[in-house]
Amino acid sequence: MDIKQIQELVKLINKTNIGEITIEEEGVKITVKQKKDPVQHIIAGAPAPAYSAPPPQQPANSTAPPPASTKPAAAPKEDNLLTIKSPMIGTFYRQAGPGKPIFASVGDEVTPGKVVCIIEAMKLFNEIESEVKGKIVKVLVEDASPVEYDQPLFLVEPA
Amino acid sequence: MFKKILIANRGEIALRVIRTCREMGIKTVAVYSTADKDSLHVKFADEAVCIGKPASADSYLNMAHIMAAAEITNADAIHPGYGFLAENSKFAKICTDHGIKFIGPTPDMINSMGDKITAKNTMIAAGVPVVPGVEGLLESVAHAKSSAKEVGYPIILKATAGGGGKGMRVVWEESEIEKAFENAKTEAAASFKNDGIYMEKFVEEPRHIEIQVAGDQYGNICHLSERDCSIQRRHQKLVEESPSPFMTDELRERMGTAAIKAAQAINYESVGTVEFLVDKHRNFYFMEMNTRIQVEHCVTEEVINFDLIKEQIKIAAGEKIVGKAYYPQMHAIECRINAEDPYNDFRPSPGKITVLHQPGGHGVRVDSHVYAGYVIPPYYDSMIGKLIAIAQTREEAINTMSRALSEYVIEGVKTTIPFHQQLMRDENFKSGNFTTKFLEGFTLQ
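### Comments concerning the overall build of chain B
No. 1: In terms of regular secondary structure, chain B is built from 14 helices and 23 strands.
No. 2: Against the globule reference of 22 Å for 445 residues, chain B gives a C-alpha radius of gyration of 22 Å, in line with a compact fold.
No. 3: Each principal axis of the C-alpha atoms in chain B carries an extent, and together these give about 65 × 50 × 45 Å.
No. 4: Relative to its full complement of 445 residues, chain B shows a buried share of 48%.

### Comments concerning the packing of helix H1 (residues 11-24) of chain B against helix H11 (residues 308-316) of chain B
Residues and elements named next belong to chain B.
No. 1: In contact at an axis separation of 9 Å, H1 and H11 are set at 65 degrees when each is read in the N-to-C sense. Considered as vectors, H1 and H11 are oriented roughly perpendicular to each other. Our pair here, H1 against H11, has a crossing hand that is right-handed. For the pair H1 and H11, the contacting residues are Arg16, Val17, Thr20 and Met24 in the first and Ile309, Lys310 and Ile313 in the second.
No. 2: Residues that form the contact of H1 with H11 fall into these classes: four nonpolar, one polar and two charged.

### Things to note about the sheet that holds strand S8 (residues 169-171) of chain B
For sheets, the rule is that strands pair by backbone hydrogen bonds, running either parallel or antiparallel.
Residues and elements named next belong to chain B.
No. 1: Here four strands make up an open sheet; going across it, the order is S6-S9-S7-S8 and the pairing antiparallel. Either end of the sheet is taken by a strand with one partner, and the two such strands are strand S6 (133-134) and S8.
No. 2: In terms of strand pairing, strand S7 (residues 155-159) meets strand S9 (residues 197-201) through five bridges, oriented antiparallel. Paired with Leu157 across the bridge in S9 is Met199.
No. 3: Seen against the sheet, helix H7 (residues 141-151) touches S6, S7, S8 and S9 and runs at an angle of roughly 20 degrees to S9.

### A word on unusual backbone geometry
Residues and elements named next belong to chain B.
No. 1: Of the consecutive residues Tyr153 and Pro154, the connecting peptide bond is found in the cis state with omega at 0 degrees.
No. 2: Inspection of the secondary structure assignment puts Pro154 in the loop between H7 and S7.
No. 3: With an omega dihedral of -5 degrees, the bond running from Ser242 to Pro243 counts as a cis peptide bond.
No. 4: With respect to the element layout, Pro243 can be found in the loop between strand S12 (236-242) and helix H9 (249-265).

### Concerning the interface of chain A and chain B
A common measure of how large an interface is: the accessible area buried when the components associate.
No. 1: The interface of chain A with chain B comprises ten residues on the first partner and eleven residues on the second.
No. 2: Among the residues forming the side of chain A that touches chain B, the class breakdown is six nonpolar, two polar and two charged.

### A few points about the environment of Pro245(B)
Residue and element names in this part refer to chain B.
No. 1: Tracing the chain through its elements places Pro245 in the loop between S12 and H9.
No. 2: You can call Pro245 partly exposed: it has 16 C-beta atoms within 10 Å.
No. 3: C-alpha of Pro245 to C-alpha of Phe192: the two residues are 53 residues apart in sequence and 38 Å apart in space.

### Thoughts on the pairing of strand S7 (residues 115-121) of chain A
Across a regular strand the side chains alternate sides, sitting on one face of the sheet and then on the other.
Residues and elements named next belong to chain A.
No. 1: Sheet topology note: the strand S5 (residues 90-93)/S7 ladder contains three bridges and is antiparallel. If you follow Tyr93 over to S7, its bridge partner there is Ile118.
No. 2: Where S7 meets strand S8 (residues 124-129), six bridges bridge the pair, whose relative direction is antiparallel. Bridge pairing in S8 links Ile119 to Asn126.
No. 3: Linking S7 back to S8 in an antiparallel pair, the connection comprises two residues, with Met122 at a positive phi of about 50 degrees.

### Comments concerning the packing of H7(B) against helix H8 (residues 174-192) of chain B
Residue and element names in this part refer to chain B.
No. 1: Put simply, H7 and H8 touch, their axes get as near as 10 Å, and they point 140 degrees apart. In this view, H7 runs oblique relative to H8, as classed from their interaxial angle. Here H7 and H8 pass one another in a crossing that is right-handed. Of the residues in H8, those touching H7 at Val141, Ala144, Lys145 and Ala148 are Glu174, Ile177, Glu178 and Phe181.

### Details of the sheet that holds strand S9 (residues 134-139) of chain A
All names here are of chain A.
No. 1: The four strands are arranged S4-S11-S9-S6 in an open sheet whose pairing can be described as antiparallel. Because the sheet does not close on itself, it has two edges, and the strands there are strand S4 (82-85) and strand S6 (109-110).
No. 2: As paired strands, S4 and strand S11 (residues 152-158) are joined by four bridges and run antiparallel to one another. Within S11, the residue paired with Leu82 across the bridge is Val156.

### Section: helix H4 (residues 89-97) of chain B
Owing to its 3.6 residues per turn, the α-helix aligns residues three or four sequence positions apart on the same side.
All names here are of chain B.
No. 1: Among the residues of H4, Ser89, Phe91, Ala92, Ile94 and Cys95 are the ones counted as buried.
No. 2: Packing partners of the buried residues in H4 comprise helix H3 (63-73), strand S4 (77-79), strand S5 (101-102) and helix H5 (107-114).
No. 3: Count one or two residues on from H4 and you reach Gly99, which has phi positive near 70 degrees.

### Remarks on the environment of Val274(B)
Residue and element names in this part refer to chain B.
No. 1: With respect to the element layout, Val274 can be found in strand S13 (residues 270-278).
No. 2: For the pair formed by Val274 and Gly256, sequence separation is 18 residues and the distance between their alpha carbons is 9.5 Å.
No. 3: Once residues lying within four places of it in the same chain are set aside, the contact partners of Val274 are Glu210, Ile211, Val213, Ala259, Ala262, Ala263, Phe286 and Met289.

### Comments concerning the environment of Met383(B)
No. 1: Turning to its location among the elements, Met383(B) is positioned in strand S22 (residues 383-391).
No. 2: For Met383(B) and Gly196(B), which are 187 residues apart along the polypeptide, the C-alpha to C-alpha distance reads 35 Å.

### Thoughts on the nonpolar core
No. 1: Residues Ile89(A), Leu6(B), Val31(B), Ala69(B), Ile78(B) and Val213(B) are the most contacted members of the largest nonpolar core, which totals 115 residues.
No. 2: Setting aside its immediate chain neighbours within four residues, Ile89(A) contacts Ala121(A), Val147(A), Glu148(A), Tyr149(A), Val49(B), Ile51(B), His65(B), Ala68(B), Ala69(B) and Ile72(B).
No. 3: Counting residues in each nonpolar core, the second largest holds 30 residues, with Val299(B), Ile333(B), Ala339(B) and Phe434(B) among its members.

Quick notes on the rules
- Residues numbered from 1 in each chain as written.
- Chains lettered and ligands numbered in written order.
- Predicted model: local features only at pLDDT ≥ 70, side-chain atom pairs only at ≥ 80, totals over all residues.
- Helix = DSSP H or I, 4+ residues; strand = E, 2+ residues; numbered from the N terminus.
- Rg over C-alpha atoms; globule rule 2.2 N^0.38 Å.
- Buried ≥ 20, exposed ≤ 12 C-beta atoms within 10 Å, placed from the backbone.
- Axes fitted to C-alpha atoms, helices over the stretch in contact; angles between N-to-C directions.
- Parallel < 35°, antiparallel > 145°, perpendicular 65-115°, else oblique.
- Left-handed = near helix turned anticlockwise from the far one by under 90°.
- Contact = placed C-beta atoms within 7 Å.
- Nonpolar A, V, L, I, M, F, W, Y, C, P; charged D, E, K, R; others polar.
- Pairing = 2+ DSSP bridges.
- Core = buried A, V, L, I, M, F, W, Y, C linked by C-beta atoms within 7 Å.

Listed below in structure tokens is the structure:
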């Protein structure tokens, strides 16, 4: 089996609904499995890291071109991210007071129940808790600015 | 004068208020539920704040959310429109407590007219005619019988905790009263958990004629004549007009005077409407007072050439009203266009409007918040517009209305336009010969 044949196998899998295909001949066994995104390559005899989230990596032994559905490395895709939305109307604050620690910055881990910000309305300060688990990747609102109901506040990469 | 007004409402009335504010140079804030994000009032306002989920309780009735929206936008006044919180005295008080002017009456004025028995007693004390009846609840069949003799048949038994026609029985003669009393009590208990029944004279073949009033913060009150709203289906007004085809100059004077007395009795501030029942002998009786701007205010605006919303805002800002009485100079008819199927018991018909063409031309006014592509949400009332026809005479106003209705194209949802078209051709309607019972005998072809 040569590289070209392996490429053809990968193309085949990508084009169809085949979940998995295994070919064995002359002491070489190749299994190509279909995953949602990206395609996984498992070559018998060679360790190949399993991965789902980006960035995709080339299997150690392979010099084949990357599968059709390579994602760009680095930036996470927007539709995987969760949004923390405002449950009320008021003024958004990232900290309980000047000099106090910021509740949630980019890179912080959050879990359900963790306070991510304060929204103040009519002199009442309301701690807003995350309902999701993950890592803050973006803060969408500036400190001390007004927010409305359902307004997106934070983007979170799910854990 | 106010710098910025938040409109705590939606639909056509929100648009109405925004339009006048724009003419007055006042900035506007629209509030909207997530279901209304594509609504026209949101697009027309200078600023807009989303205040909650679609259900009214989560948004347009949510006082905390509305007050928060006023706070973050620095609105100095709130216009409540009609319905929702317009006659909620608690909300009016909260606005005042936060230094925001509620464009309407004070909480006390709202309360004094909100409770039916209190309102009635206030009117009696003020010398305003009320539906004759017997004070207090009926204790027994014997009490009912003697009361009925006092009032005079026909009488109506009504549930004190009641509404929507439940717990009501009309009795024409003494032989029927025992059974009617028992039935009314049972129905009231089932519907309102309160079987208290009181008695009033039954006003035969009543017309619903209301008088528009306005009062300023200095004790001045004026009236702006009548609107006839007798065309009703299940107590919901469908068509209103001014002047009333049943009115005479003399009756208008008497009713106008009584309406001013009613407003004066509570030192009324802002615009409001005093509703009366008028019998076939032209006796009139106070029914209730609405302490807000009404849906059909446009009819009065057109026949008197007056901007009632502007007047309401001016009064709230401390300006004085001018004049004592205003009389109709033209004839105007309003048809409420609802997204309902008149051929299927007026079943609501929300959905996407695919084609829309509004009528125009001389004597036509359209107050509507819908547009082609707009999706009518199912969470709120079904009214999608008001069509008003204005002319020199009633006959011409009916012709203009017919003409305008024939130009009004709304596709994608069912509307009551066919119903109004048939009504404008109806001989009894055209002759002005109708009471609140009119639609009971009306079948749509």
